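Single-letter residue listing:
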Number of protein chains: 2
Amino acid sequence: MTPQTPGPRGKRATILDVAAAASVSRQTVTRAMNDMAGISQETRERVQKLAAEMGYSPSRFAKGLVQGARTSIGLAIPDLTNPYFPAFASSVVEAAAERGWNVVVDDYGHGTGSAVDAAARLAPQVDALIGYLAPHANEVQALMGRRPVVALDSPDAGTAGGISFDYLQAARLALSHLASRGCRHVLFLDSDQGGPASSRSAAAAAVAAETGIRLTRLQAHPSAAAARSAVALLAAGGERADGILAFNDLMAAGVLKALRESGTSVPGDCSVIGMDGIPLGELLTPELTTLSLDLRSVGRAAVDLLDGLLSGSIQDRSPEAFLTLQHQLVVRQSA
Amino acid sequence: MTPQTPGPRGKRATILDVAAAASVSRQTVTRAMNDMAGISQETRERVQKLAAEMGYSPSRFAKGLVQGARTSIGLAIPDLTNPYFPAFASSVVEAAAERGWNVVVDDYGHGTGSAVDAAARLAPQVDALIGYLAPHANEVQALMGRRPVVALDSPDAGTAGGISFDYLQAARLALSHLASRGCRHVLFLDSDQGGPASSRSAAAAAVAAETGIRLTRLQAHPSAAAARSAVALLAAGGERADGILAFNDLMAAGVLKALRESGTSVPGDCSVIGMDGIPLGELLTPELTTLSLDLRSVGRAAVDLLDGLLSGSIQDRSPEAFLTLQHQLVVRQSA
DNA sequence: GTGCGCTACGTGAACGTTCACGTGGGTATA
DNA sequence: TATACCCACGTGAACGTTCACGTAGCGCAC
């Protein structure tokens, strides 16, 4: 029962070891392991049992080498704890599975890691890469050489392809909705990552200037807890806004919490709009009005794009290799 | 600029093609590609440029074959849309990254897939497997041969190792808390997956029998939306319970929604307890009381276990290869 | 001019598997 | 009895890379 432990760190058994132990040839072992024809049932079982005892399992490298690669793609994601990213990852995995591709996931949000670290781990393992890479997208492409990289939300990165979002249009949707609700002074709760001001924030500022809405900006870590305490602090300081637009839904959830605790009614005293459209929004009280992305289609679009790049039907860095997706305003209760 | 497209599906360029084009040997190309010593700067750049133009990238299979495998592990997960699983996945990825391992994730919840499908996709790619595999854990182990499988929440599965949860203890915590709040009739909202009654539900039934609490059981798909409509239907039917214990936090969130809509006050008219301890619970209104798992430690425990199994310091199927973790009751507002 | 060392390269072998054949022996068919 | 065929199994070659050497050319010191 106990395998013939060749020592914990001993070299793994190879097909030749098994063949020798069973007094047959390599090929017969291959036939036994892969349930191929041309072998007697008796020999097949004897070899399989022996292989199990010796702890033999075929090297996936040797197999891949001779059989021709199954494509496998890397997925680099900042933080699996934000429900947006798993939802995205899920759609990528699904679309990749349809093509028989494997997906290797790496999240680099923990600790001090950046997208570059994740890409460095992924690069030797994969044929292509999808990820939220800003602001290091070009370094990642360099790491991948000529293998295609699709960067999300990282416009003008030097990658083979990209998917961006039309934040100007999104900001228009949100701010005009807020304006129609009578909001005059909107707070944009921005993420403190990715430079001085995110492109979402910049777009909101531009649209606000057009519209005559007063827009102030506050930064916090893009998590519910950080957003909550940032807004709590603000409320305690006496600052008053009649509308809040958050960098993402998770932060919006924190905002709702903070407002409830400070006794501010939503949307009565203050309207709140999130961004992403994750399912969480429907579970909150009040239900979150949000700029929603069709999460399914984002991942699918990225994989389709990659497929085109890999097959050559889309040229690297050509205009078709860059898509722009739009948000939709889903009006629920919070605004 | 355009690569010398050998046709979209043409064979990939190999190191020999590059060597021939540059009029150098394989080894010199290797030196150029891997930034090794013993090559002039001029040659290095010339080769690198040529390689890029030809679309050459080293085969990871050949590389892996000759350099010895980097361990990479598979992670099979039913549904990335339930925040519990990404949280778990995240901790696995983190712990694996510390050891320099790669993680290949596959979620099999979409469509009609089972854990066996995911394992079949993963098996040729990985050295070991972690996953929520019930009730197919033994088939998955068969697929993996002698490579270790760590099954979560799948007691007595024929896998190399496993991590289970002490649902009896968890049920005691929850039901005694509910009892102390005066609950007499508790509804267990069970998942409709994995057999007639989940082990969570069975444990609750056993404890309820001891305690003299009346326990009824209702099944639904383990999602917030399904739980919501199941409970709404029940409320419309006039069925009354003064406490609800849910299979997981996501279902509990749906329960809270349904109760609010039916005008039932929580915890006044009905107490609600979830299970998992995902961050979402804190964002709900009322905040969710839950049987909480230290999500970080679950993934870490699985990876530690796998490390032991791979290195041989823990024997397959030995008592040390099976851990049992305990839930803690986190009392917030809903009960 | 011999010896030494350095630089920039080239060559045989090996990694572990599968593919495409080749082979010996037995059994049915003509 | 000769022929054909099938079954179970074996052998050379190939996949694409890196490792461990080997080597030609050059400069420099003695």
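Basis of the calculations
- Residues numbered from 1 in each chain as written.
- Chains lettered and ligands numbered in written order.
- Predicted model: local features only at pLDDT ≥ 70, side-chain atom pairs only at ≥ 80, totals over all residues.
- Heavy atoms only, no water.
- Domains from an automatic or database assignment.
- Contact = heavy atoms within 4.5 Å.
- Buried area = accessible area lost by both parts, 1.4 Å probe.
- Salt bridge = Lys/Arg side-chain N within 4 Å of Asp/Glu carboxyl O.
- Polar contact = N/O pair within 3.5 Å; in protein donor to acceptor, adjacent residues only side chain to side chain.
- Nonpolar A, V, L, I, M, F, W, Y, C, P; charged D, E, K, R; others polar.
- Near = heavy atom within 4 Å.
- Helix = DSSP H or I, 4+ residues; strand = E, 2+ residues; numbered from the N terminus.
- Core = buried A, V, L, I, M, F, W, Y, C linked by side-chain atoms within 4.5 Å.
- Buried < 20%, exposed > 50% of the residue type's maximum accessible area, 1.4 Å probe, protein only.
- Pairing = 2+ DSSP bridges.
- Axes fitted to C-alpha atoms, helices over the stretch in contact; angles between N-to-C directions.
- UniProt positions renumbered as here; feature names shortened; annotations may be inferred.
- Patch = residues over 30% accessible without salt bridge, like charges linked within 9 Å, V, L, I, M, F, W, Y side chains within 5 Å.
- Areas by Shrake-Rupley, 256 points an atom, 1.4 Å probe, with all protein chains shown as cover.
- Parallel < 35°, antiparallel > 145°, perpendicular 65-115°, else oblique.
- Left-handed = near helix turned anticlockwise from the far one by under 90°.

K.L.:
I would appreciate a short explanation of the domain arrangement of chain A in the present structure.
P.N.:
All names here are of chain A. According to the domain assignment, chain A consists of domain 1 (15-66), domain 2 (72-165 + 295-326) and domain 3 (168-292). Look at where the C-alpha atoms of domain 2 and domain 3 centre, and you get two points 28 Å apart. Contact residues are listed per partner, giving six residues for domain 2 and eight residues for domain 3. In this assembly, domain 2 packs against domain 3 so that about 680 Å² is buried in total across both faces, 54% of it on carbon and sulfur atoms. Among the residues domain 2 hides against domain 3, the three largest losses belong to Asn82, Pro83 and Gln326. Together they make up 50% of the total. For the interface between domain 2 and domain 3, the tally reads one salt bridge. Salt-bridge contacts for Asp153 lead to Arg200; the nearest nitrogen and oxygen are separated by 3.4 Å. Applying the counting criterion to the domain 2 and domain 3 interface returns two residue pairs in polar contact (both at pLDDT 80 or more). Classifying every residue of the side of domain 2 that touches domain 3 gives three nonpolar, two polar and one charged.

K.L.:
I keep staring at the protein's contact with DNA strand C and nothing clicks. Help me out?
P.N.:
Inspection of the region around DNA strand C gives 28 residues, with A:Ile15, A:Thr30, B:Ser25, B:Arg26 and B:Thr28 positioned closest. Considering DNA strand C, the proportion of its atoms within 4 Å of the protein that are sugar or phosphate atoms stands at 50%. In this structure, a phosphate oxygen belonging to DNA strand C sits 2.9 Å away from a side-chain N or O atom of A:Asn34. Interatomic distance of 2.6 Å between a side-chain N/O atom of B:Arg26 and a base oxygen of DNA strand C. Residue assignment for the surface near DNA strand C shows that the elements contributing at least two residues are α2 (26-33) and α4 (60-67) of chain A together with α2 (26-33) and α4 (60-67) of chain B. For the surface near DNA strand C, the element with the most residues is α4(A), which contributes five residues. For the surface near DNA strand C, the class distribution of residues is ten nonpolar, 14 polar and four charged.

K.L.:
Would you take a moment to explain the nonpolar core for this structure?
P.N.:
With 198 residues, the main nonpolar core has A:Tyr84, A:Phe88, A:Ile130, B:Tyr84, B:Phe88, B:Ile130 and B:Phe165 as its most contacted residues. Apart from the residues lying within four places of it in its own chain, the contact partners of B:Phe88 are B:Leu75, B:Ile77, B:Ile130, B:Tyr132, B:Leu152, B:Val298 and B:Gly299.

K.L.:
Just to check I follow, could you spell out the sheet that holds strand β6 (residues 185-191) of chain B for this structure?
P.N.:
Across a sheet, strands are paired by hydrogen bonds formed along the backbone, either parallel or antiparallel in direction. Residues and elements named next belong to chain B. Pairing is mixed in the open sheet, where six strands are placed in the order β7-β6-β8-β9-β10-β12. In this open sheet, the two strands that pair with only one neighbour each are β7 (214-220) and β12 (328-330). Ignoring which end each strand starts from, the neighbouring axes of this sheet average 20° apart. For strand β10 (residues 289-292) and β12, the ladder comprises three bridges, and the chain directions are antiparallel.

K.L.:
What's the story with the UniProt feature "domain: HTH lacI-type" (unreviewed entry) in chain A in this structure? I'm lost.
P.N.:
Residues annotated in UniProt with the feature "domain: HTH lacI-type" (unreviewed entry) correspond here to residues 13-67 of chain A. Secondary structure content for residues 13-67 of chain A is 69% helix and 0% strand, and the end C-alpha separation is 21 Å.

K.L.:
Looking at this structure, I do not really get a nonpolar patch on the surface. What am I missing?
P.N.:
The grouping of A:Leu65, A:Val66, B:Leu65 and B:Val66 at the surface amounts to a nonpolar patch, some 400 Å² of accessible area in total. Every element with two or more residues in the nonpolar patch is listed here: α4 of chain A together with α4 of chain B. Along the chain, the position of A:Val66 falls in helix α4.

K.L.:
I'm lost on the packing of helix α6 (residues 115-122) of chain A against helix α7 (residues 137-144) of chain A in this one. Help?
P.N.:
Two quantities define a packed helix pair, namely the angle between the axes and the distance from one axis to the other. Residues and elements named next belong to chain A. Taken N-terminus to C-terminus, the directions of α6 and α7 make an angle of 15°; their axes are 9 Å apart at the nearest point. The orientation of α6 relative to α7 falls into the category roughly parallel. Crossing of α6 over α7 shows right-handed handedness. Contact residues: α6 offers Ala115, Val116, Ala119 and Ala120, while α7 offers Glu139, Val140 and Leu143. Looking at the contact of α6 with α7 residue by residue, the class counts come to six nonpolar, no polar and one charged.

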